Amino acid sequence: MMECCVADLCRAVSGTLLQSGAEHFSGMSTDSRRIAPGDLFVPLVGERFDGHAYVTGSLEAGAAGCLCERVPETFVEGKFYIQVADTMLALRDLASWYRGLFDIPVVQITGSAGKTTTKEMIAAVLGQHGPTLKTEANYNNQIGVPQTLVRLEREHWAAVIETGMDHFGELRYMGVMVRPQIAVITNIGDAHIENMGNTRQGTLRSKCEIFESLQAGGLAVLNGDDELLNTLELPFETVRCGQGANCDVRVTDLLDRGMEGIDCTVQTKKDTYCLSIPSPGVYMIYSASMAVAIGERLGLSHQEIVEGVAAYVTTGSRMRRLRLREERLVIDDCYNANPQAMAEALRILTKSQGRTLAILGDMGELGDKSESAHREIGRLSRELGLDHVVAIGPKAAAIAAEAGAIGAHFATLEEAMPAIHRWMTPGTTALVKASHAMDFGKIVKELEETYS
């Protein structure tokens, strides 16, 4: 974060200066455990926590000052205090003001699946041209987005911001901060559908909130093979990416290299790109073609775009491949799960050599589609000819039921581990996937520790 003036901050958040101190601050944190000298501390308030309890400790740890909703009983000498009506809203206003200090291209991404993959791919391409800010880890919500935006520095020439949501209004809220020049929707699926009226049309409406903050003259980049996205008629220049004849950026000549990745040709109105994507899954063509469209829009060279796609690296527990002893392979894709993503992950599993083991867990927030969605995954597992399916969790019982003879159901991770080890024989490839709340990272960790 650039050094900022306290007086400007006070105006940005419509605050009242209770005590003056340092005239500038050079960072921001909502976590009292991660305070750096010169930071602004923003104490957030929730149903089960109140950050105001950590104001004094944060200031004594080196923070230059703080925001607060109420007047404290005591003040730390030499520190500034700014009172605001709501610290969460003030965090949004701070990020919105700070983002306005930068006249650079900002790309905002949302979608039911593939947001992080697409963010990483676009950032890999734009990063070939110059320093590019991108969302880290899971900082894609109402607290994470402002924390990402305040990491902007003078050196950044572009930013790629991922925005997730599970309720109506969240993209509208975050858009006030991001104000993108380019808005991307990866697809419309069933993730969080129970909060969208249990319909994909509801999901589409919620995702389209991203366009409310798209700047004048902006660009909408859409998955051109998504049936619902193709119903949109937007008052912005729109580029559709995919394999269909309707796509402006069209993917052809696919060569599936199994676990090593995908080769393809991407053709635009300006150029033709022969791409080598270093990650498995045909769905990677959408992230790559969107990165091509955005790279062209922002003036990158042919070489920068091609090399950027080739430089893509998976992040976190998203199709991370762990090669272990005696030719065992773990596909760690347990960051999150929805029906479409789980089905694609199973298809990728079938491209591996040797025996196959799918370790699958509950998929959350599917509403009245939950039972049928889990059963469909079990049915697909059987049809794909997998060797074993370990289903864990109450909802996943439907997966095992439909998987038939290859399926086994367990209530907990601990109960499942003996079967997992029994079937994790030399030469086996195991896919580990479930909604984040299932904490399947523990399975990956145990497999890594056991077979490394």
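Structure's up top.
What you see is a predicted model, and the numbers here were worked out from it, not measured in a lab. (Residues numbered from 1 in each chain as written. Predicted model: local features only at pLDDT ≥ 70, side-chain atom pairs only at ≥ 80, totals over all residues. Heavy atoms only, no water.)

Novice: Explain the nonpolar core residue by residue, including any values.
Specialist: By size, the foremost hydrophobic cluster in this structure holds 38 residues, and its most contacted members are L9, F25, L40 and I82. Elements with a minimum of two residues in this core: α1 (6–12), β7 (80–83), α3 (87–99), α5 (144–149), β10 (158–162) and α6 (170–178). Dropping the residues within four chain positions of it, L40 is found in contact with L9, F25, G27, M28, S29, G65, C66, L67, F80 and L94. (Core = buried A, V, L, I, M, F, W, Y, C linked by side-chain atoms within 4.5 Å. Buried < 20%, exposed > 50% of the residue type's maximum accessible area, 1.4 Å probe, protein only. Helix = DSSP H or I, 4+ residues; strand = E, 2+ residues; numbered from the N terminus. Contact = heavy atoms within 4.5 Å.)

Novice: Please give an account of unusual backbone geometry that cites residues and values.
Specialist: Despite not being glycine, S14 shows a phi value in the positive range, around 50°. Along the chain, the position of S14 falls in the loop between α1 and β2 (16–19). Despite not being glycine, E326 has its phi angle at roughly 60°, a positive value. Inspection of the secondary structure puts E326 in the loop between β17 (320–324) and β18 (328–332). On the accessibility criterion, E326 (45% relative accessible area) is partly exposed.

Novice: Please provide a residue-by-residue account of the sheet that holds strand β4 (residues 27–29), values included.
Specialist: Strand order across the open sheet formed by five strands is β2-β7-β6-β5-β4, with mixed pairing between neighbours. Sheet topology places β2 and β4 at the edges, where each strand pairs with a single neighbour. On average, each strand axis in the sheet is tilted by 25° relative to the strand beside it, whichever way the strands run. Where β4 and strand β5 (residues 39–41) come together, three bridges link them in parallel fashion. The residue bridging S29 from the neighbouring strand is F41, located in β5. (Pairing = 2+ DSSP bridges. Axes fitted to C-alpha atoms, helices over the stretch in contact; angles between N-to-C directions.)

Novice: Report on the packing of aromatic side chains, specifying residues and quantitative values.
Specialist: Within the structure shown, the criterion is met by five aromatic pairs. What links up through ring pairs into an aromatic cluster is the set W97, Y98 and F102. Across from the ring centre of Y335, 3.7 Å away, lies the NZ or CZ of R318, which sits over that ring. Above the face of the W423 ring, R422 is positioned so that its terminal group lies 5.1 Å from the ring centre. (Phe/Tyr/Trp six-rings, centres within 6.5 Å; stacked < 30°, edge-to-face > 60°. Lys NZ or Arg CZ within 6 Å of the ring centre and 35° of its normal.)

Novice: Could you give an account of the environment of A12, with specific residues and numbers?
Specialist: Looking at the element boundaries, A12 is found in helix α1. Sequence separation of A12 and L94 is 82 residues, and the distance between their C-alpha atoms is 6.1 Å. Ignoring sequence-local partners within four residues, the contact set of A12 consists of D93 and W97.

Novice: Can you break down the sheet that holds strand β15 (residues 262–267) residue by residue, with the values?
Specialist: Sheet strands pair by backbone hydrogen bonding; their relative direction is either parallel or antiparallel. The strand order across the open sheet built from nine strands is β9-β10-β8-β11-β12-β13-β14-β15-β16, with neighbouring strands paired in mixed fashion. Looking at strand neighbours, the two that pair on one side only are β9 (132–134) and β16 (272–277), the edges of this open sheet. Averaged over neighbouring strand pairs, the angle between their axes works out to 20° when direction is ignored. Judged from the four bridges that link them, strand β11 (residues 182–185) and strand β12 (residues 219–223) form a sheet pairing that is parallel. Across the sheet, I185 pairs through a bridge with L222, a residue of β12. Set on the sheet, α6 makes contact with β8 (106–110) and β10; between it and β8 the angle comes to about 170°. Sitting on the sheet, helix α8 (residues 284–297) is in contact with β8, β11, β12, β13 (237–242), β14 (249–256), β15 and β16, with an inclination near 145° to β13.

Novice: Report on the packing of helix α13 (residues 413–423) against helix α14 (residues 441–451), specifying residues and quantitative values.
Specialist: Helix-helix packing: each pair is described by the crossing angle between the helix axes and the interaxial distance. Two elements in contact, α13 and α14, have axes whose closest approach is 11 Å; the angle formed by their N-to-C orientations is 40°. Seen from above, α13 lies across α14 with right-handed handedness. Here L413, M417, I420 and H421 of α13 come into contact with α14, specifically with K442, I443, E446, L447, T450 and Y451. A class-by-class count of the residues in the contact of α13 with α14 yields six nonpolar, two polar and two charged. (Left-handed = near helix turned anticlockwise from the far one by under 90°. Nonpolar A, V, L, I, M, F, W, Y, C, P; charged D, E, K, R; others polar.)

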